[in-house]
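Each chain, written out:
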Amino acid sequence: MKRVILLLLLIVFGVFVYYAAFRQMVIYPLLLPLLVLIIIYYVTTSVVTRKMIEKVRGDGAFFFQRCSMIVKDGTELLGGALAVTGTEIVFYSRKSEKGGVKPSWSCFTSAVEGYTMKKVDDHHPGLSLSIAGENKPVLFTSREFQKNEKEFRKALGWPEEEPNKE
């Protein structure tokens, strides 16, 4: 399915360029199919929903955050979602276009030494996890982590941070 979408995207783009360069025709109607194909490609390769994870896990008792994981070499974002329970943290990514997901990364919550909510690369705010035994932090990007920090701490089983009273 992914290859078919990419092929259609290439064909429509080629027609778009051909008419834009060699024909005196209005090319705006070709923009809509290009946009639709790009959206379909994004949804079928990157979007992971809570329902998909519940189907794989068999339960719905977890903290859910849609995000992207920065792969170890720092050059690629892997789209997916983070599921956090009291015992484990699992990052799920798309397995197929038909709605399947697979765990791409996981660790036990007891291995988490700490976390920071910061800018994790040049362009993305997110979450940096310090894992015991790892020399590099594991990085996730999402603007929503800052808003959901209380729920994230609760899912890890950590107490709420108390404000400094000085």
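Residues numbered from 1 in each chain as written. Predicted model: local features only at pLDDT ≥ 70, side-chain atom pairs only at ≥ 80, totals over all residues. Heavy atoms only, no water.

Student: Mind laying out the pattern of salt bridges, listing which residues take part and the relevant values?
Tutor: Inspection of every chain in the model, using the stated rule, returns four salt bridges. When the shortest N-O distance is used, the salt bridge between D59 and R57 registers 3.6 Å. On the basis of relative accessible area, R57 is assigned to the partly exposed category, the value being 21%. For the salt bridge of E144 with K147, the shortest nitrogen-to-oxygen distance reads 3.6 Å. You can call E144 partly exposed: its relative accessible area is 33%. Taken together, the shared-partner salt bridges connect R57, D59 and E88 into one network. (Salt bridge = Lys/Arg side-chain N within 4 Å of Asp/Glu carboxyl O. Buried < 20%, exposed > 50% of the residue type's maximum accessible area, 1.4 Å probe, protein only.)

Student: Describe the sheet that holds strand β1 (residues 63–70), and please don't skip the residues or the numbers.
Tutor: Hydrogen bonds between backbone groups are what pair the strands of a sheet, and the pairing can be parallel or antiparallel. Reading across the sheet, the seven strands line up as β4-β3-β2-β1-β7-β6-β5 and stay open at both edges, with antiparallel pairing between neighbours. Looking at strand neighbours, the two that pair on one side only are β4 (101–108) and β5 (112–119), the edges of this open sheet. The sheet shows a mean angle of 35° between the axes of neighbouring strands, direction not considered. Judged from the seven bridges that link them, β5 and strand β6 (residues 125–131) form a sheet pairing that is antiparallel. Bridging across to β6, T116 finds its partner in S128. Sheet strands touched by helix α2 (residues 28–46): β2 (77–84) and β3 (88–94). Its angle to β3, the strand with the most contacts, is close to 145°. Contacting β1, β2, β3 and β4, helix α3 (residues 50–57) crosses the sheet at an angle of about 115° to β3. (Pairing = 2+ DSSP bridges. Helix = DSSP H or I, 4+ residues; strand = E, 2+ residues; numbered from the N terminus. Axes fitted to C-alpha atoms, helices over the stretch in contact; angles between N-to-C directions. Contact = heavy atoms within 4.5 Å.)

Student: Mind laying out α2, listing which residues take part and the relevant values?
Tutor: Over its 19 residues, α2 extends 28 Å from the first C-alpha to the last, a length consistent with the 27 Å expected when each residue adds 1.5 Å. Within α2 the residues assigned to the buried category are L30, L34, L37 and T44. Angular distribution of buried residues about the axis of α2 spans 105°; they occupy a single face of the element. Across from the buried face of α2, at angles greater than 90 degrees, the exposed residues are Y28, P29, L32 and L35. (Expected span 1.5 Å × (residues − 1). Arc of directions from axis to C-beta.)

Student: Summarise the side chain of R94; cite the residues concerned and give the values.
Tutor: For R94, the position within the fold is in strand β3. Among the polar contacts listed, one links the side chain of R94 to the backbone oxygen of V43, at a separation of 2.9 Å. A polar atom in the side chain of R94 sits 2.6 Å from the backbone oxygen of V47. (Polar contact = N/O pair within 3.5 Å; in protein donor to acceptor, adjacent residues only side chain to side chain.)

Student: Report on the nonpolar core, specifying residues and quantitative values.
Tutor: Side chains of nonpolar character tend, in soluble globular proteins, to be buried together. Among the nonpolar cores identified, the biggest contains 22 residues, and L82, I89, W105, L127, L129, F140 and F152 are the most heavily contacted of them. For I89, the contacting residues outside a window of four places in its chain are L82, A83, V84, W105, S106, C107, T109, V112, L129 and L156. Counting 10 residues, the second largest nonpolar core, distinct from the first, contains V48, M52, A83 and V90. (Core = buried A, V, L, I, M, F, W, Y, C linked by side-chain atoms within 4.5 Å.)

Student: If you had to explain the packing of aromatic side chains to someone new, which residues and values would you point to?
Tutor: Here the structure, examined in full by the defined rule, presents six aromatic pairs. Each ring, one from F63 and one from F152, has its centre 5.9 Å from the other, and the planes form 65°; the classification is edge-to-face. Of this pair, F63 sits in strand β1 while F152 sits in helix α4 (residues 149–156), and the two are 89 residues apart along the sequence. When sorted by exposure, F63 lands in the same class as F152, which is buried. Arranged with centres 5.2 Å apart and planes meeting at 85°, the rings of Y115 and F152 form a pair that is edge-to-face. Of this pair, Y115 sits in strand β5 while F152 sits in helix α4, placing them 37 residues apart in sequence. Taking relative accessible area as the criterion, Y115 reaches 13% and is therefore assigned buried. Residue classification places F152 among the buried positions, given a relative accessible area of 0%. Positioned over the ring face of F62 is R50, at 4.4 Å from the centre of the ring. (Phe/Tyr/Trp six-rings, centres within 6.5 Å; stacked < 30°, edge-to-face > 60°. Lys NZ or Arg CZ within 6 Å of the ring centre and 35° of its normal.)

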